[in-house]
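Coordinates in review
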Amino acid sequence: VNLCAQTFLDQCVHHPLMYFPAFYITKEVVMSDTPDVMKVLREYKKNMKEDLLALWKIWVPATMFNFAFMPMHLRIPFVAGVSLLWTCVLSAMRGG
């Protein structure tokens, strides 16, 4: 139950409500001369389903594997490797 709760909170609360809005806003601030937060939040709303499905395809199995099977001393390196893969996917999808 703890594994499912950890995965649910990470994937269904943290990412949709904090991670992706921060990503879109940061991207807008860095790449635009006149950042428009409302514009990027509308863009995120439009892309939310595709973004979350891509995220879940990578992170749900990785998170469950990490918490269930990975020895404690290898959890951080494992997450770092998955993060590299995810960053490449997100960059290809939304890098601009």
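Structural data are supplied above this passage.
What this report covers is the structure whose coordinates are included nearby. Just so you know, these numbers come straight off a predicted model, no measurement behind them. Throughout this description, residue numbers start from 1 for each chain and increase along the sequence as written. Two thresholds apply to this predicted model, a pLDDT of at least 70 for residue-level local features and 80 or more for giving and counting side-chain atom pairs, whereas whole-chain, interface and lining totals are computed over all residues. Only hydrogens and water are set aside when side-chain values are computed; all heavy atoms of the structure are taken into account.

The helix and strand labels rest on DSSP assignments: H or I over at least four residues marks a helix, E over at least two residues marks a strand, and numbering proceeds from the N terminus. Within the fold, Thr7 resides in helix α1 (residues 2-31). When a residue's accessible area, from a 1.4 Å probe over protein chains only, is under 20% of the maximum for its type it is buried; when over 50% it is exposed; and in between it is partly exposed. Among the residues examined, Thr7 registers a relative accessible area of 7% and is labelled buried. Here, residues are in contact when the closest pair of their heavy atoms is within 4.5 Å. Beyond its immediate sequence surroundings of up to four residues, Thr7 is in contact with Val60, Thr63 and Met64.

Once that is clear, we can look at the packing of helix α2 (residues 37-69) against helix α3 (residues 75-94). Convention adopted: a line fitted to C-alpha atoms gives each axis, helices being fitted over their contacting stretch, and angles between N-to-C directions are expressed from 0 to 180 degrees. Packing of α2 against α3 brings their axes to within 11 Å, and their N-to-C directions diverge by 165°. As the angle between them shows, α2 and α3 are arranged roughly antiparallel. Crossing of α2 against α3: the hand is right-handed. Along the contact surface, α2 presents Asn47, Glu50, Asp51, Ala54, Leu55, Ile58, Trp59, Ala62, Phe65, Asn66 and Phe67, while α3 presents Arg75, Phe78, Val79, Val82, Ser83, Leu85, Trp86, Val89, Met93 and Arg94. Each angle is binned into one of four classes, with values under 35 degrees roughly parallel, values over 145 roughly antiparallel, values of 65 to 115 roughly perpendicular, and all other values oblique. By the definition used in this description, the sense in which the near helix is turned from the far one sets the handedness, with an anticlockwise turn below a right angle giving left-handed and a clockwise turn giving right-handed.

It is worth spelling out the packing of aromatic side chains at this point. Within 6.5 Å between ring centres, the rings of Phe, Tyr and Trp (the latter by its six-membered ring) count as paired, and their orientation is classed by plane angle as stacked under 30 degrees, edge-to-face over 60, tilted in between. Taken as a whole, this structure holds 7 aromatic pairs when the rule is applied. Ring geometry for Tyr19 and Phe20: centres 5.1 Å apart, planes at 75°, overall edge-to-face. Centre to centre, the rings of Tyr24 and Tyr44 are 5.4 Å apart; their planes meet at 40°, and the pair counts as tilted. One end of the pair, Tyr24, is in helix α1; the other, Tyr44, is in helix α2, with 20 residues separating them in the sequence. On the accessibility criterion, Tyr24 (2% relative accessible area) is buried. Grouping aromatic residues by their ring pairs yields a cluster made of Tyr19, Phe20, Phe23, Tyr24, Tyr44 and Trp86.

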